[in-house]
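Summary of the model geometry
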Amino acid sequence: MNYRECIEYLYGLESRGISPGLSRVQKALALRGNPELAYPCILVAGTNGKGSVAASLASVLGAGGHKVGLYTSPHLHRLVERFQIAGKPVSERALTRQVNALRSFVESEGTPRLTFFELNTVLAFELFRAARCDVVVLEVGLGGRLDATNVVTPLVSVITSIALDHTDRLGPTLRHVAREKAGIIKPSVPVVVGTREPLPLRTIRARAKRLGAPLLAIDHEFVVVAEGEQRTVTLGERHIEALRTPLLGAYQADNLACTVAALSLLPERFSVPERALRRGLSRVRWPGRLELLPGAPDVLCDAAHNPHAAHALADHLARIRGDYTRTVLLFGAMRDKDHALMLDLLRPHCDASIFSRAHTPRAESAEVLADRYGGEAIERVPAALARARKLAGKRGLIIACGSIFLMAEVRARVLGVRADPSIAL
């Protein structure tokens, strides 16, 4: 198979849906000689912020001289983005070679029936083993306890934040969500927690105590203070001042602090000098998260796709709205999301709303959103972006959010970014 045929083959597995559980991945990895055991791992979960922390950890460890693998999801434009080695996505050639090597295994009679995400996780472990990575950072896909990435026993676990999302799978309350996220905690393995919510924190602490896992929680065992663009992290008797990251948003102070706390818990061989810490944090990139694309008008791309993330985006808009003559919301979302609450948070900061639909079957139609909440409905993203540009004017701002997939389509068009070919399945 060539690259296009490989991604078509992988996307074809999406028809198998989401099937939480570890047994299939564990069996598949055992049959492959357990590639996940070829290197130590760091496991990062959370409702929001997990991608930023995972990317930050990989950047700092890379600046410290280590060859780092980074596995994240979903991708914005190309499947290879999910598998990064030494700060760069794997090549099409490497991905194609590995998928071809796995196909006969996947289709053999003794192999478990893997889902799209499960096979991608196996693929990641194989790619990182082939590249001889020193350490691998894994972003949990959904929840934690039953996520395919949870097959590893990490050096340290990180749980960034707890908020309601994917309630059909993780449960209807913060306690339920916290239990699922806390499922990544392993016996005696230290854990860093970035949530300030009392109930989820108690839930996580209780599991950590049962398993004898040392726990560092924000505002308790470590503290962060933000002064403008600089952050100071206090961890025990250690104060690290004037830390900077290019990632925008007040919440990135917490993500930075979780990164520093997690690094402090790693074994000595992964200790990072302060100079490398500063260099790694200053170089981290995590596209599509409060990412401002300059233009006429500017476009703010944000992956906000749940109320917790929408609240953070709304806070950011409140601070920057005065810089623009007109702000236009370009919004699309999946059918199962809390559109009403997200829009209640965002629309007070916007002068106009345009609803569109990402190129995915799960997306709600633009007409439904416009009829329900009021605004213009333009189904196709290119046309919606053109209309938003006209409404915003040269000195205005377009905010593309509500769905990672919609935001990614906008970002690709604004930047002229190369994307994987459209695949009809």
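Structure shown above.
In this text, all values refer to a predicted model and were calculated from it rather than measured experimentally. (Residues numbered from 1 in each chain as written. Predicted model: local features only at pLDDT ≥ 70, side-chain atom pairs only at ≥ 80, totals over all residues. Heavy atoms only, no water.)

1. A look at empty space enclosed by the protein
What the rule picks out here adds up to one cavity of 30 Å³ or more. Empty space within the largest cavity amounts to approximately 30 Å³. Around the largest cavity, the lining residues are Ser-56, Thr-245, Leu-247, Gln-252, Asn-255, Leu-256 and Leu-281. When residues in the lining of the largest cavity are grouped by element, the largest group, three residues, is from helix α9 (residues 252-264). Per-class residue counts for the lining of the largest cavity are three nonpolar, four polar and no charged. (1 Å grid on protein atoms, 1.4 Å probe; cavity = no way out; pocket = protein on both sides within 12 Å on 5 of 7 lines; lining within 4 Å. Points joined across faces, edges and corners; volume = space filled by probe spheres on them. Helix = DSSP H or I, 4+ residues; strand = E, 2+ residues; numbered from the N terminus. Nonpolar A, V, L, I, M, F, W, Y, C, P; charged D, E, K, R; others polar.)

2. Here we look at the packing of aromatic side chains
Under the definition given, this model contains five aromatic pairs. When the ring of Tyr-71 is compared with that of Phe-83, the centres are 5.8 Å apart and the planes differ by 15°; the resulting orientation is stacked. Placement of the pair is Tyr-71 in strand β2 (residues 68-71) and Phe-83 in strand β3 (residues 83-85), with a sequence separation of twelve residues. As far as burial versus exposure is concerned, Tyr-71 and Phe-83 are alike and both buried. Aromatic side chains Phe-331 and Phe-355 sit 6.1 Å apart centroid to centroid with 85° between the ring planes, which places their arrangement in the edge-to-face category. (Phe/Tyr/Trp six-rings, centres within 6.5 Å; stacked < 30°, edge-to-face > 60°. Buried < 20%, exposed > 50% of the residue type's maximum accessible area, 1.4 Å probe, protein only.)

3. Some remarks on the pairing of strand β10 (residues 230-235)
Only one face of β10 is buried: it carries Arg-231, Val-233 and Leu-235, and the other face, with Gln-230, Thr-232 and Thr-234, is open. Summarising the sheet, strand β9 (residues 222-227) and β10 pair through six bridges and their orientation is antiparallel. Residue pairing in the sheet places Ala-226 in a bridge with Arg-231 of β10. Where β9 folds back on β10, the antiparallel hairpin that results is connected by two residues, among which Gly-228 adopts a positive phi of roughly 65°. Pairing analysis gives four bridges linking β10 to strand β11 (residues 238-243), with the strands arranged antiparallel. In the sheet register, Thr-234 faces β11, and the bridge partner there is His-239. The hairpin formed by β10 and β11 contains two residues between the paired strands, and Gly-236 there has a positive phi angle of roughly 65°. (Pairing = 2+ DSSP bridges.)

4. Overview of the layout of surface pockets
The space that makes up the second largest pocket amounts to roughly 710 Å³. Gln-84, Gly-87, Pro-89, Arg-285 and Pro-287 are the residues nearest the centre of the second largest pocket, which is lined by 30 residues in total. Ranked by residues supplied to the lining of the second largest pocket, first place goes to helix α3 (residues 50-63) with five residues. Counted by class, the lining of the second largest pocket contains 14 nonpolar, eight polar and eight charged residues.

5. Examining helix α7 (residues 174-181)
Within the sequence span of α7, burial applies to Val-177, Ala-178, Glu-180 and Lys-181. Projected onto a plane normal to the axis of α7, the buried residues spread over an arc of 160° and lie on a single side. (Arc of directions from axis to C-beta.)

6. Focus on the state of the cysteines
Following the criterion strictly, the structure yields zero disulfides and no others. Cys-133 supplies the cysteine sulfur nearest to Cys-6, a cysteine that is in no disulfide, at a spacing of 20 Å. Cys-41 supplies the cysteine sulfur nearest to Cys-133, a cysteine that is in no disulfide, at a spacing of 9.6 Å. (Disulfide = S-S within 2.5 Å.)

In short, geometric facts, not functional conclusions.
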